[in-house]
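If you want the building blocks of each chain, they are given just below.
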Amino acid sequence: RRGDVFTWSKMTEINKLVERWTARFPRRQGAGRAALLGFRYQLIVALRDTVRSFLRSQVTDHTVFVEQISDICEQTIGGQVIFTQVKQTGRSVTEALNELWSIHETAAQDLPDLVPNLRYRILCSKWMLKNIGRAIERWQPTGILNAERLASFKSALSTVLDPNPFDELLAIVAGELAADHAYDTVLSW
């Protein structure tokens, strides 16, 4: 039953397969790493926003939600609800706008009293897109278009450049939480 046991020769074969696959599909090879870096960035943003929210509210309040609706959803003390699409590298706004629009449309149709309190943002560590404002201006959702709803949505939308949320999180933990070892504290979370 030697075939059921992992051997180093299998690892060598797997390494060869990885090398050959990477040579044939070089664009796919980096996609997994890019996705993981994007998720890491998103989680750091969410953790920083959670700590900020914790410092502003009561301990029992749940105000920051990750991956329940959009990448991040935050309820502010003022009653606004901010839906955030997080992108490590902003090459396009289309997918983010489509998702945020779907939230806006659902609220407009099913919970219209909530709409005035909704805000939307696309947060990015670096923008590759040259003219973000123009891309947002040109963007149109698919399907039947209600011009008034689209204008309402776009007026509640912002873009944010957030190059290093980790450093900001460390500063908050060291300063406002007075942690002796801010870096170790953050890594333990």
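In this text the structure is predicted, and so the values were computed from the model without any measurement. (Residues numbered from 1 in each chain as written. Predicted model: local features only at pLDDT ≥ 70, side-chain atom pairs only at ≥ 80, totals over all residues. Heavy atoms only, no water.)

**A word on the nonpolar core**
Side chains that are nonpolar tend, in soluble globular proteins, to be buried together. Note the following rule: Note on terminology: a nonpolar core comprises buried Ala, Val, Leu, Ile, Met, Phe, Trp, Tyr and Cys residues joined through side-chain atoms within 4.5 Å. Summary of the burial criterion: residues with accessible area below 20% of their type's maximum are buried, those above 50% are exposed, and those between are partly exposed, where the area comes from a 1.4 Å probe applied to protein chains only. Starting at the N terminus, helices and strands are each numbered in turn, a helix being any DSSP run of H or I of at least four residues and a strand any DSSP run of E of at least two. Throughout, a residue-residue contact means that at least one pair of heavy atoms, one from each residue, lies within 4.5 Å.
Phe83, Val93, Leu97, Tyr120, Ile122 and Phe153 are the most contacted members of the largest nonpolar core, which has 25 residues in total. The element that contributes the greatest number of residues to this core is helix H3 (residues 94-110), accounting for seven residues. Apart from residues lying up to four places away in sequence, Tyr120 is in contact with Phe83, Leu100, Ile103, His104, Phe153, Ala156, Leu157 and Ser158. Membership of the second largest hydrophobic core comes to nine residues, among which are Phe166, Val173, Ala182 and Val186.

**Topic: the packing of aromatic side chains**
Keep this limit in mind: Each Phe, Tyr or Trp ring (for Trp, its six-membered ring) is paired with any other whose centre lies within 6.5 Å, and the angle between the two planes then decides the class: stacked below 30 degrees, edge-to-face above 60, tilted in between.
One pass over the structure, following the stated rule, counts five aromatic pairs. Plain terms: the ring middles of Trp101 and Trp139 are 6.1 Å apart, the flat faces sit at 70° to each other, and that makes the pair edge-to-face. Remark: Trp139 occurs in the loop between helix H4 (132-138) and helix H5 (147-155) and Trp101 occurs in helix H3; sequence separation between them is 38 residues. In this structure Trp139 comes out as buried when scored by relative accessible area, which is 6%. Ring pairs connect the aromatic residues Phe83, Trp101, Tyr120, Trp139 and Phe153, which therefore count as one cluster.

**Regarding the side chain of His104**
In this structure, His104 sits in helix H3. Looking at His104, the relative accessible area reads 2%, which means it is buried. Residues in contact with His104, not counting those within four places in the same chain, are Val115, Tyr120, Arg149, Ser152 and Phe153.

**Describing the pairing of strand S3 (residues 81-90)**
Counted only if it meets this: When DSSP finds two or more bridges between a pair of strands, those strands are recorded as paired.
The buried count for S3 comes to seven of ten residues, which makes it a mostly enclosed element. Pairing of strand S2 (residues 72-75) with S3, which is carried by four bridges, proceeds in the antiparallel orientation. Looking across to S3, one finds that Cys73 is bridged to Phe83. Counted between consecutive antiparallel strands, the loop separating S2 from S3 contains five residues, among which Gly79 sits at a positive phi close to 95°.

**Some words on the pattern of salt bridges**
Note the cut-off: Only one rule defines a salt bridge in this text: a Lys or Arg side-chain nitrogen within 4 Å of an Asp or Glu carboxyl oxygen.
The full count for this structure, using the stated rule, is five salt bridges. Asp49 is the partner of Arg48 in a salt bridge, and the nearest nitrogen-oxygen pair spans 3.0 Å. A residue is classified by how much of its surface remains accessible, and Arg48, at 1% relative accessible area, is buried. When the shortest N-O distance is used, the salt bridge between Asp49 and Arg121 registers 3.0 Å. With Asp49 in helix H2 (residues 26-56) and Arg121 in strand S4 (residues 118-127), the pair connects residues that are 72 residues apart, well separated along the chain. Arg121 matches Asp49 in its accessibility class, with the two residues each being buried.

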